[in-house]
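# Geometric and topological summary
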Number of protein chains: 2
Amino acid sequence: MKVTRKSDYGLRALCTLARQYNGDPVSIGQLSAEHKIPEPFLEKIMQELREHGLVEATHGRGGGYLLKKRPSHISLREIVHALDGPIALVTCLDPGLKCSIEEGCPTSPIWEIVNEKLEEYLASLTLSDVMSIQEREKVPS
Amino acid sequence: MKVTRKSDYGLRALCTLARQYNGDPVSIGQLSAEHKIPEPFLEKIMQELREHGLVEATHGRGGGYLLKKRPSHISLREIVHALDGPIALVTCLDPGLKCSIEEGCPTSPIWEIVNEKLEEYLASLTLSDVMSIQEREKVPS
DNA sequence: ATGAAGTCAGAGTATTTTACTCGGATTTTG
DNA sequence: CAAAATCCGAGTAAAATACTCTGACTTCAT
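In what follows, the accompanying structure is described.

The rules we used
Residues numbered from 1 in each chain as written. Chains lettered and ligands numbered in written order. Predicted model: local features only at pLDDT ≥ 70, side-chain atom pairs only at ≥ 80, totals over all residues. Heavy atoms only, no water. Helix = DSSP H or I, 4+ residues; strand = E, 2+ residues; numbered from the N terminus. Expected span 1.5 Å × (residues − 1). Buried < 20%, exposed > 50% of the residue type's maximum accessible area, 1.4 Å probe, protein only. Near = heavy atom within 4 Å. Polar contact = N/O pair within 3.5 Å; in protein donor to acceptor, adjacent residues only side chain to side chain. Contact = heavy atoms within 4.5 Å. Buried area = accessible area lost by both parts, 1.4 Å probe. Salt bridge = Lys/Arg side-chain N within 4 Å of Asp/Glu carboxyl O. Nonpolar A, V, L, I, M, F, W, Y, C, P; charged D, E, K, R; others polar.

Quick look at helix α1 (residues 5–19) of chain A now. All names here are of chain A. End to end, α1 covers 21 Å across 15 residues, agreeing with the expected 21 Å (1.5 Å per residue, within 8%). A large share of α1 lies buried, amounting to 12 of its 15 residues. Listing the buried residues of α1 in full gives Ser7, Asp8, Tyr9, Gly10, Leu11, Arg12, Ala13, Leu14, Cys15, Thr16, Leu17 and Ala18.

What follows is the structure in structure tokens.
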């Protein structure tokens, strides 16, 4: 319904995997330690990212996760959709509620427009963008 | 934190008041009946809109609410801010959480950018826009 | 072949946020 | 002064979010 911590945590983990692109798999343990995310929660998150084809996992010793696509080919929208589902800025936009279908609802048209703008914007940003913006912010001390 | 039903209900009520601009005050009873919003809840909402200077109330018999500004001078952003506070698309953007201040947080910079875009867009839309979009949608049957 | 390091899968729980109620006071008009 | 309205503060119910737990399965090194 909104962008929850799942998406935030997922994005953090994906940043690490992006740095490690073409390198060794990274385990849940490493990821959760680096970003201070509760292990079992992150486990769930990585599973969902895998089910949506964003990462791939290797089992057993030395295993972990790797990006399945280039960082520049993974959009924020994909990530958020994988973890929080399609954005419904307002409750009444939630798929499954009749509100948006009803004739003469004064507000759903405008919310749909705003919602669509947001989705478009998220679709225009990729994991590479996130990395470079992050780099720019880092003040070398 | 997100756009809740309060903002949606508030916007609906404001649409009615916009139609009634320069007319008689509209009571909670009328508004809640027209939009099927629980009366005591809408009461709270109208109070908050008044506290933020978007509407004015008159007491007693024949009383109710009126817009305090022209519909074209009331932005969606104002309405949402009055009822749900500043938008924090992601939990970590909530004012009061340190996350956004921490050095080296990989995600908060991007969320801030997206959040700002959304706020800007909401600021660009007014109550008049909402009315005309609604009008356009109405399919005369 | 076995045990350690890892993921997989599903159900279950705690916390927080949202949505809404209640009761009584206050103001205005007929 | 009574009826019609808003005002105000506290409190409750429902829903969504943010997690945990348990046990299985896979892979690899020794």
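Here we come to the protein's contact with DNA strand D. If you check the shell around DNA strand D, you find 23 residues, and the closest are A:Thr4, B:Ile28, B:Glu43, B:Arg50 and B:Tyr65. By atom count, sugar and phosphate contribute 68% of the portion of DNA strand D lying within 4 Å of the protein. Residue A:Arg5 places a side-chain N or O atom 3.2 Å away from a phosphate oxygen belonging to DNA strand D. Contacts to DNA strand D include B:Thr91, whose side-chain N or O atom sits 3.5 Å from a phosphate oxygen. Considering every element that reaches the surface near DNA strand D, the biggest residue donor is helix α3 (residues 39–51) of chain B, with 4 residues.

Counting residues at the interface gives 35 residues for chain B and 35 residues for chain A. A combined buried area of about 3400 Å² lies between chain B and chain A, and 75% of that area is made up of carbon and sulfur atoms. The interface formed by chain B and chain A includes 0 salt bridges. Connecting chain B to chain A are 6 residue pairs in polar contact (both at pLDDT 80 or more). Broken down by secondary-structure element, the contributors of at least two residues to the side of chain B that touches chain A are α1 (5–19), α4 (76–84), α5 (108–124) and α6 (127–137) of chain B. Counting residues per element, the side of chain B that touches chain A draws most heavily on α5(B), at 9 residues. Classifying every residue of the side of chain B that touches chain A gives 23 nonpolar, 5 polar and 7 charged.

Everything listed here is a matter of geometry and, on its own, says nothing about what the molecule does.
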